[in-house]
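Architecture at a glance
These are the residues of each chain, in order.
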Amino acid sequence: MKPFAYVRADSAENAVRAWTGHSGIARFLGGGTNLVDLMKLGVEAPDLIVDVARLPLDRVEELPDGGLRLGATVRNSDLAAHHAVRARYPVLSQALLAGASGQLRNAATTGGNLMQRTRCTYFQDTAKPCNKRVPGSGCPAREGVHRDLAVLGHSADCVATNPSDMSVALAAVDAVVELRGPDGERTVPVTDFHRLPGDRPERDTEIRPGELITGVRLPPVAPGAHSRYRKARDRASYAFALASVAAVLEVRDGTVRHAALAFGGLAHRPWRARAAEEVLVGAPATEETFARAADAELAAARPLRDNGFKVKLARNLAISVLGDLAARA
């Protein structure tokens, strides 16, 4: 066990101050469902833990425009069960319930879910090289065990995938992340919050040193829109996605008026399917349209030796989910 200092913050401002006033490696602790595991593995070795779990950020609040604000310390189980989330953002409730186990959802927080790191086995094994863990050491996953890893947006330095179900749903509903740091407050769209690996795979997100996630804002739902999340995995529960789809669809008079689509399990970040959306909007709400949309997005896929099946899997998921939503309209 590597010794570390511990501070329990009583405000977001003091949490940021504790981080920025520390000269070593500091980490914020919410539910700890990912960070503590990584500390046990030796992947994370902070000198200071700033506990933010008891900050007054544990509420789901109505916004004047009809949207919702999710506090950063709202537990995943509470968020999934919240009446407004279930009624207006079922895609988010479904994504949360598809993740982890009931026990973990009772501990995991909204902010922590956004910050969780990849489950690539090379990243989690300190005996192996990994550019995400030790920049410049290499990416053995490219020629090694990569069945579960990326087919979109990867680079020569990293083929890891983002493991979050919640973040895929948040990307589909155009959520915005609220941050507080040493330079004040700012917001970042969820679609821009997570990064592609490029030549800096050690950077998972656009968060700056000392910044704390304080909440997530959901815009109001488009009138007449329906949403759904679906996940394909190797076993029925407690498994990360091989591929997943979060979709929001509004259909009027047989024509798609609004569409938002995001894939999970395929890239270093939740993958917002902009090319697919361009095909969908204004087109007939038919299986043929949905297939063309999926093909337009997945044309950019660059599967590795053993994960080409993910492309077809994601295509079939997208067509199925869009078809179900169109039928509801």
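Attention now goes to the sheet that holds strand S1 (residues 5–8). With respect to topology, 3 strands assemble into an open sheet ordered S1-S3-S2, the strand pairing being parallel. Edge strands, defined here as strands with exactly one partner in the open sheet, are S1 and strand S2 (26–29). Each neighbouring strand pair of the sheet contributes to a mean axis angle of 20°, computed without reference to strand direction. Contacting S1, S2 and strand S3 (48–51), helix H1 (residues 12–20) crosses the sheet at an angle of about 155° to S2.

Taken together, 4 strands build an open sheet; the order of strands is S9-S10-S11-S12 and the sheet is antiparallel. Two strands lie at the open edges of the sheet, namely strand S9 (226–232) and strand S12 (271–272), each paired on one side alone. Pairing between S9 and strand S10 (residues 243–252): 7 bridges, direction antiparallel. The partner of tyrosine 229 across the bridge, within S10, is alanine 246. Set on the sheet, helix H12 (residues 287–298) makes contact with S10, strand S11 (255–264) and S12; between it and S11 the angle comes to about 40°.

So, about the nonpolar core. The nonpolar side chains of soluble globular proteins are, as a tendency, buried together. One finds Leu92, Leu114, Leu170, Phe193, Leu212, Ile213 and Leu218 to be the most contacted residues of the largest nonpolar core, which totals 51 residues. For this core, the element with the highest residue contribution is helix H9 (residues 166–172), accounting for 6 residues. Other than its neighbours up to four places away in sequence, leucine 212 contacts Ala12, Ala15, Val16, Phe28, Val52, Leu55, Glu178, Leu179 and Arg180. Grouped together as the second largest cluster of nonpolar side chains are 32 residues, Ala267, Leu280, Phe290 and Ala314 included.

A few words now on the pairing of S3. Going residue by residue along S3, you find Leu48 and Val50 tucked away on one face and Ile49 and Asp51 tucked away on the opposite face as well. The pairing of S1 with S3 spans 4 bridges and is classified as parallel. Looking across to S3, one finds that arginine 8 is bridged to aspartate 51. Both S2 and S3 contribute to a ladder of 4 bridges, which runs parallel. The residue bridging leucine 29 from the neighbouring strand is aspartate 51, located in S3. Between the parallel elements S2 and S3, the chain passes through helix H2 (residues 35–41) in a crossover that is right-handed.

With that settled, the discussion passes to unusual backbone geometry. Of note, aspartate 174 is a non-glycine position whose phi angle comes to about 60°, a positive value. Summarising the element assignment, aspartate 174 is placed in the loop between H9 and strand S6 (176–181).

Once that is clear, we can look at the side chain of serine 244. Looking at where serine 244 falls in the secondary structure, it is placed in strand S10. Under the relative-accessibility criterion, serine 244 is labelled buried at 1%. Serine 244 has contacts with Val168, Tyr229, Arg230, Lys231, Ala262, Phe263, Gly264, Gly265 and Leu317, leaving out every residue within four places of it along the chain.

All right, on to helix H13 (residues 309–328) then. Its 20 residues place the ends of H13 29 Å apart at the C-alpha level, agreeing with the 28 Å of an ideal helix rising 1.5 Å per residue. All of the buried residues along H13 are Lys310, Ala314, Leu317, Ala318, Ile319, Val321, Leu322, Leu325 and Ala326.

On to the environment of threonine 161. In this structure, threonine 161 sits in the loop between helix H8 (121–124) and H9. On the basis of relative accessible area, threonine 161 is assigned to the buried category, the value being 11%. Sequence separation between threonine 161 and alanine 241 is 80 residues, and the spatial gap between their C-alpha atoms is 9.7 Å. Ignoring sequence-local partners within four residues, the contact set of threonine 161 consists of Thr118, Asp148, Leu149, Ala150, Gly265, Leu266, Ala267, His268 and Lys310.

Moving on, we come to the side chain of threonine 214. Structurally, the position occupied by threonine 214 is in strand S8 (residues 212–218). Leave out the neighbours within four places in its chain, and threonine 214 touches Ala12, Leu57, Arg69, Gly71, Ala72, Glu178, Leu179 and Arg180.

What the rule picks out here adds up to 29 salt bridges. For arginine 228, the salt bridge is made with aspartate 324, and the minimal N-O distance between the two is 3.1 Å. Residue arginine 228 is located in strand S9, and its partner aspartate 324 is located in helix H13; the two are separated by 96 residues in the primary sequence. Residue arginine 228 is classed as partly exposed on the basis of its relative accessible area, which comes to 22%. Given the relative accessible area of 27%, aspartate 324 is considered partly exposed. Shared partners join several salt bridges into a network, and the residues in it are Arg27, Glu44, Arg117, Lys132 and Asp204.

Criteria and thresholds
- Residue positions are given per chain, counted from 1 along the sequence in the order it is written.
- Residue-level local features of this predicted model are given only where pLDDT is at least 70; pairs of side-chain atoms are given and counted only at 80 or more, and the full residue set underlies all totals for whole chains, interfaces and linings.
- In computing side-chain properties, one takes all heavy atoms of the structure into account and sets aside hydrogens as well as water.
- Whether two strands pair depends on DSSP finding at least two bridges between them.
- To qualify as a helix, a DSSP run of H or I must reach at least 4 residues; to qualify as a strand, a run of E must reach at least 2; elements of each kind are numbered from the N terminus.
- For helices, the axis comes from a line fit to the C-alpha atoms of the stretch in contact; other axes are also lines fit to C-alpha atoms, and the angle between any two N-to-C directions lies between 0 and 180 degrees.
- Pairs of residues are marked as contacts when any of their non-hydrogen atoms sit within 4.5 Å.
- In this text, buried Ala, Val, Leu, Ile, Met, Phe, Trp, Tyr and Cys residues form a nonpolar core when linked through side-chain atoms within 4.5 Å.
- Only protein chains enter the accessibility calculation, which uses a 1.4 Å probe; a residue is then buried when its area is under 20% of its type maximum, exposed when over 50%, and partly exposed in between.
- Crossovers are described as right-handed under a simple rule: with the strands pointing away from the observer, the path leading from the first strand over the helix to the second runs clockwise.
- Between the first and last residue of a helix there are one fewer steps than residues, each counted as 1.5 Å, and that sum is the expected span.
- Between Lys or Arg on one side and Asp or Glu on the other, a salt bridge is scored when a side-chain nitrogen of the former is within 4 Å of a carboxyl oxygen of the latter.

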